[in-house]
Amino acid sequence: MRGLLVKDFYMIRSVVIMMTGVFLVIGAGLSYLVSPQVLLILATVMTGMVEASTINMDKACGWTRLSAAFPVSGERMVSSKYLMYLFLSVFGLLAGTVCSLTTLMVTGTLDYDNFVLFFCISVTMALLAGSLILPCYFLLSEEKSVMGSMLAYPLSVALIMGLTSVIRQRMAALSVGMAVGALAFTVSWVIAGKVVAAREV
């Protein structure tokens, strides 16, 4: 498992550096035009997408076929992707938190309630989107997996909006959203692992 995580780290480190530059440029514009709290969502989404893309990279370079000869089960391969997705999403969330808080404090516009709200939205979106994106990349062709990832975020937003319309208290709605996201991510992890392992037989 550790070797698989290290492999992914070396694959994405240059991409993460590039994405950091993109994040800083786009984030600066969005924080000025909209709100610095948007940086939380932006950073979390961008970093999570990096790991999802490594699945297609593995397919393109033949790693998926080669790894079938390794003494590593399909479930472990899937688990390494899910773990790295979580790690990168947490990294993005922390980076977004630091940038957002710094900007808010410098401008004197820090509102803790709004900040916590955006924080919860970021966590919910990362979990819900990840539960859809990762199995799409594992189980579908490259073209279909990209379509799946494009639909994952709108569907996540739709669920969050649905919850906030049903549960009037926003923090309660987002707490439910995070719980649903965590459950969906766990179920997705287990099912994807079993399906990939069954394909090896």
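Here is what the cut-offs are and how they apply
Residues numbered from 1 in each chain as written. Predicted model: local features only at pLDDT ≥ 70, side-chain atom pairs only at ≥ 80, totals over all residues. Heavy atoms only, no water. Helix = DSSP H or I, 4+ residues; strand = E, 2+ residues; numbered from the N terminus. Buried < 20%, exposed > 50% of the residue type's maximum accessible area, 1.4 Å probe, protein only. Areas by Shrake-Rupley, 256 points an atom, 1.4 Å probe, with all protein chains shown as cover. Phe/Tyr/Trp six-rings, centres within 6.5 Å; stacked < 30°, edge-to-face > 60°. Expected span 1.5 Å × (residues − 1). Bend = angle between axes of the 7 residues up to and from the residue. Polar contact = N/O pair within 3.5 Å; in protein donor to acceptor, adjacent residues only side chain to side chain. Core = buried A, V, L, I, M, F, W, Y, C linked by side-chain atoms within 4.5 Å. Contact = heavy atoms within 4.5 Å.

I keep staring at the overall build of the protein chain and nothing clicks. Help me out?
Each helix and strand counted, the protein chain has seven helices and zero strands in total. Order of helices (α) and strands (β) in the protein chain, N terminus to C terminus: α-α-α-α-α-α-α. Taken over 201 residues, the protein chain has a buried fraction of 42%. Per element, the accessible surface of the protein chain, about 10700 Å² overall, is 74% carbon and sulfur.

What's the story with the packing of aromatic side chains in this structure? I'm lost.
For any pair of aromatic rings, the description rests on two quantities: the centre-to-centre distance and the angle between the ring planes. Counting across every chain of the model gives four aromatic pairs. Ring centres of Tyr-82 and Trp-189 lie 5.4 Å apart, and the angle between their planes is 15°; this geometry places the pair in the stacked category. In this pair, Tyr-82 sits in helix α4 (residues 74-107) while Trp-189 sits in helix α7 (residues 170-200), placing the two residues 107 residues apart along the sequence. Classification of Trp-189 as partly exposed rests on a relative accessible area of 22%. These aromatic residues form a ring-pair network of at least three members: Tyr-82, Tyr-85, Phe-185 and Trp-189.

Looking at this structure, how should I read helix α5 (residues 112-139)?
What sets the pattern is the α-helix's 3.6 residues per turn: residues three or four places apart point alike. In this model α5 runs 41 Å from its N-terminal to its C-terminal C-alpha over 28 residues, within 8% of the 40 Å that 1.5 Å per residue would give. Largest kink in α5: about 30°, centred on Gly-130. With 21 of 28 residues buried, α5 lies mostly within the body of the structure. Sitting at the amino-terminal end of α5 is Asp-111, which places a side-chain oxygen 3.1 Å from the backbone nitrogen of Asp-113.

Just checking my understanding: could you explain the nonpolar core for this structure?
When a protein is soluble and globular, its nonpolar side chains tend to lie buried together. Counting residues in each nonpolar core, the largest one holds 31 residues, and the members touching the most others are Tyr-82, Tyr-85, Ile-121, Ile-133 and Leu-134. Elements with a contribution of two residues or more to this core: α2 (38-60), α4, α5, α6 (142-166) and α7. By residue number, the principal contributor to this core is α5, which donates 14 residues. Once residues within four sequence positions are removed from consideration, Leu-134 is found in contact with Ala-52, Ile-55, Tyr-82, Tyr-85 and Phe-185.

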